[in-house]
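# Structural overview for review
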Amino acid sequence: MSLPADKPAALQALRALLLEKHPPAAPRVQGGGVAVVLEAGAPPLELRYGAVVEACGPLGSGALLLERLLDSAAQARQPAALVDGAGCLEPPEGGWFLWVCCRKAQEALRAVDLLLRDGGVPLVMLDLQMTPVAELRRIPPATWHRFQRLVEPASVSLVVLTPWPMAGSAAERLILRRRFGVEALRTPRSELRLDAAHTSRREGGRREIA
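In this report, the structure presented in the accompanying data block is examined.

Cut-off values and rules
Numbers given to residues run from 1 along each chain, matching the order in which its sequence is written. Owing to the predicted nature of the model, reporting of local features is limited to residues with pLDDT of at least 70; listing and counting of side-chain atom pairs is limited to 80 or more, with chain, interface and lining totals taken over all residues. Hydrogens are left out, water is left out, and the side-chain values use all remaining heavy atoms of the structure. Only buried residues count toward a nonpolar core. Its members are Ala, Val, Leu, Ile, Met, Phe, Trp, Tyr and Cys residues joined through side-chain atoms within 4.5 Å. Type-normalised accessible area, obtained with a 1.4 Å probe on protein chains alone, sets the label of each residue: buried when under 20%, exposed when over 50%, and partly exposed for intermediate values. A run of H or I in DSSP becomes a helix once it reaches four residues, and a run of E becomes a strand once it reaches two; helices and strands are each numbered from the N terminus. Only heavy atoms matter for contacts: two residues are in contact if any of them lie within 4.5 Å across the pair. One speaks of a salt bridge when a side-chain nitrogen belonging to Lys or Arg is within 4 Å of a carboxyl oxygen belonging to Asp or Glu.

### Details of the nonpolar core
Residues V83, L116, L126, I139, W144, F147 and L158 are the most contacted members of the largest nonpolar core, which totals 30 residues. Put simply, the parts of the chain that give this core at least two residues each are strand 4 (80-84), strand 5 (97-101), helix 3 (105-118), strand 6 (123-127), helix 5 (142-154) and strand 7 (157-162). The element best represented in this core is helix 3, accounting for seven residues. Not counting the four nearest positions on each side in its chain, F147 is found in contact with V52, L109, V112, D113, L116 and L158. One finds L82, F97, L161 and L176 within the second-largest nonpolar core, a separate group that totals 27 residues.

### Focus: the pattern of salt bridges
Taken as a whole, this structure holds five salt bridges when the rule is applied. Among the salt bridges present, the one from D113 reaches R117, with a minimum N-O distance of 2.6 Å. With a gap of four residues between them, D113 and R117 both fall in helix 3, about one helical turn apart. Classification of D113 as buried rests on a relative accessible area of 5%. Each of D113, R117 and R146 takes part in salt bridges that share partners, so that together they form one network.

### Focus: the environment of S190
Of note, S190 is situated in the loop between strand 8 (172-176) and strand 9 (196-200). Judged by relative accessible area, which is 57%, S190 ranks as exposed. For the pair S190 and R68, spaced 122 residues apart in sequence, the C-alpha separation works out to 9.1 Å.

See the structure below:
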């Protein structure tokens, strides 16, 4: 979708799409979060509401993480929004998510800003992995702090996929370490494993996911 230049009109357009795509969301539990199944048979990872979560690493691992996020949201019948920062994703059809296709980083950031201000979607994903480096370097650090202020009262989890750590306000971070080779093309997607380390400022600890 393309966003109108006028912010109120853009917000109204997003709300209309959300109402068309999703039924009214159930009240969110204060202090809860979005449960994501990263590995078959492993306990889900809870991405808490009111937090910016940054996932950074190789492109293949980032794409697999996006799939797992969308699958978890679909299984839980939980609305989600995916903002494609470079207009190069091919998301699966159906599912419980809104796909916002952008061509520039600034357009993607504007879309995320509108979604967070609306607060109607508990899981918002921003994929910047394929965004040109020059555009990423022009993103002001204050952007991430503004997003953190927006997610807190809205009880939203914002997951940002980046090629390197750049979201200074991130309350949680997933460091993706696995690079998939050609053999991954012959492996069922459900059998591919993410190698990641999860850190949380709240817990002050580190959790290995392998």
